[in-house]
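Each chain, letter by letter, is given below.
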Amino acid sequence: MSEPRIPTIDLAPWTAGDASARAAIAETVDQALQTAGFLLVTGHGVDPALRTRIRDSAREFFRLPPATKEPYAVKVGGRGWLGPGAEANGYSEGTPTPPDLKESISFAAEERTGDAEIDAEWFAPNTWPAEAPALKALVETYLSQMQALSDRLLELLGVALGQGTDFFTRHTAHPTWGFNINWYPGTEVTGTPEPGQFRIGPHTDFGTVTVLDRQAGKGGLQVFTDEGGWEDAPFDADAFTINIGDLMARWTGDRWRSGRHRVLPPPADVPAEELMSLVYFYECDPRTTVAPVPAPTGRVAYEPVDSHVYLRAKLDAITVT
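Below is a summary of the structure that appears in this document. (Residues numbered from 1 in each chain as written. Predicted model: local features only at pLDDT ≥ 70, side-chain atom pairs only at ≥ 80, totals over all residues. Heavy atoms only, no water.)

## Considering the overall build of the protein
Stage number 1. For the protein, the helix and strand inventory stands at 10 helices and 14 strands.
Stage number 2. For the protein, whose C-alpha radius of gyration is 19 Å, the value lies close to the compact-globule estimate of 20 Å for 321 residues.
Stage number 3. Judged by the C-alpha coordinates and their principal axes, the protein covers about 55 × 50 × 40 Å.
Stage number 4. Counting over 321 residues, the protein shows a buried share of 54%.
Stage number 5. Taking as baseline every contact in the protein between residues at least 6 positions apart, the subset at least 24 positions apart corresponds to 78%.
Stage number 6. Accessible area for the protein stands at about 13500 Å²; split by element, carbon and sulfur atoms hold 54% of it.
Stage number 7. For the protein, the centre of its 27 positive side-chain charges and the centre of its 44 negative side-chain charges are spaced 1 Å apart. (Helix = DSSP H or I, 4+ residues; strand = E, 2+ residues; numbered from the N terminus. Rg over C-alpha atoms; globule rule 2.2 N^0.38 Å. Buried < 20%, exposed > 50% of the residue type's maximum accessible area, 1.4 Å probe, protein only. Contact = heavy atoms within 4.5 Å. Areas by Shrake-Rupley, 256 points an atom, 1.4 Å probe, with all protein chains shown as cover. Lys, Arg positive; Asp, Glu negative; His and termini not counted. Charge placed at Lys NZ, Arg CZ, Asp CG, Glu CD.)

Listed below in structure tokens is the structure:
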């Protein structure tokens, strides 16, 4: 029986296990990231009740009238409300698509570095909606756990790549990150989907690692693999869904693939389905030079890039103007 393309990894044996257990986990991760770019991860220690409370608080904001939310409106990459029509992820693949059928509240790193140029672009203050007063404390608690989890994952990925635990984390002393609370309402809010319109259009993420807390639904996450095409992503309510992005794939010389995915539109047979995802995008320090690992581990000898020049170009590509 073949191994699943998207396996479930328990982090507890990785943290506490012996050398053979860690080696087996690293091998499973390496194989999965070569085929789908996705994993499910359990044993992470993040309280599911915290995720529920964040959703409940965010829902208070999303269900407000558009005129109340409008003062918080921003473009992709900003800190605030991404309203209907703000984003079309299919553009990142060069495919013109209708705008994504979602709304988001977006946050990002704000602890300044002291470099005025970097701080102005990447470490601006977050905006917290007054209409959802509980959200700030809940999200800040969650974000501290997400950063710690992401560094644990990067240590695992370093070993899986054959490069050691600090291969990636030596570049996360003062990283950037983004956090989106994505609301996928039913058709009573979005209207009937246009042809080729998704809750999130087909795309790959742009950076290093994404930590997704998602809900099961008919209009949910699908993952693309060469072997199976588009498939519903496996779901475990206790697990986070992990995928790597374009920058990480480039860093590995395309040994690992950036996980291509999409979120289906509201289903015709359950048009009122509402889902909400918590999406944490973890990156590296600004001005990190990303050069691919050499052969035989790496497979494509890309030119080195500045991590955040690369990321900015990707963010600009999906903004609906």
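## Remarks on the pairing of strand S2 (residues 38–42)
Stage number 1. Burial runs high along S2: five of the five residues are buried.
Stage number 2. Because side chains alternate across S2, one face comprises the buried residues Phe38, Leu40 and Thr42, and the other comprises Leu39 and Val41, equally buried.
Stage number 3. Inspection of the sheet shows strand S1 (residues 8–10) paired to S2 by three bridges, in the parallel sense. Bridging from a neighbouring strand, Asp10 pairs with Thr42 of S2.
Stage number 4. Of the strand pairs in this sheet, S2 and strand S10 (residues 240–244) are connected by four bridges, and their pairing is antiparallel. Within S10, the position partnered with Val41 by the bridge is Phe240. (Pairing = 2+ DSSP bridges.)

## Description of the sheet that holds strand S7 (residues 209–213)
Stage number 1. Overall, mixed pairing links the eight strands, which are arranged S1-S2-S10-S7-S12-S5-S4-S3 in an open sheet. At either margin of the open sheet sits one strand with a lone partner, and together these are S1 and strand S3 (80–82). Across the sheet, the axes of successive neighbouring strands diverge by a mean angle of 25°, strand direction being ignored.
Stage number 2. When S3 meets strand S4 (residues 103–108), the two strands line up antiparallel, connected through three bridges. Bridge assignment links Trp81 to a residue of S4, and that residue is Ile105.
Stage number 3. Running at roughly 145° to S2, helix H2 (residues 19–35) makes contact with S1, S2 and S10 of the sheet.
Stage number 4. Strands S2, S4, strand S5 (177–184), S7, S10 and strand S12 (275–282) of the sheet are contacted by helix H6 (residues 135–160), whose axis makes an angle of about 55° with S12. (Axes fitted to C-alpha atoms, helices over the stretch in contact; angles between N-to-C directions.)

## Digging into the side chain of Asn126
Stage number 1. Residue position: Asn126 is located in the loop between helix H5 (116–122) and H6.
Stage number 2. Polar contacts involving the side chain of Asn126 include one to the main-chain carbonyl oxygen of Ala108, which spans 2.8 Å.
Stage number 3. Excluding residues that lie within four positions of it along the chain, Asn126 makes contacts with Arg79, Phe107, Ala108, Glu110 and Trp177. (Polar contact = N/O pair within 3.5 Å; in protein donor to acceptor, adjacent residues only side chain to side chain.)

## What about empty space enclosed by the protein?
Stage number 1. All chains considered together, the criterion is met by three cavities of 30 Å³ or more.
Stage number 2. The space that makes up the largest cavity amounts to roughly 780 Å³.
Stage number 3. The wall of the largest cavity is formed by 50 residues, among which Asn180, Asp205, Val279, Phe281 and Leu315 lie closest to the centre.
Stage number 4. Counting only elements with at least two residues in the lining of the largest cavity, the list comes to S4, H5, S5, strand S6 (200–203), S7, strand S11 (261–263), S12 and helix H10 (307–317). (1 Å grid on protein atoms, 1.4 Å probe; cavity = no way out; pocket = protein on both sides within 12 Å on 5 of 7 lines; lining within 4 Å. Points joined across faces, edges and corners; volume = space filled by probe spheres on them.)

## Remarks on the layout of surface pockets
Stage number 1. The space that makes up the largest pocket amounts to roughly 290 Å³.
Stage number 2. Looking at the largest pocket, it is lined by 15 residues, and the ones nearest its centre are Ala109, Glu110, Glu111, Gln147 and Trp177.
Stage number 3. Top element by residues in the lining of the largest pocket is H6. It accounts for four residues.
Stage number 4. A breakdown of the residues in the lining of the largest pocket according to their chemical character gives eight nonpolar, four polar and three charged. (Nonpolar A, V, L, I, M, F, W, Y, C, P; charged D, E, K, R; others polar.)

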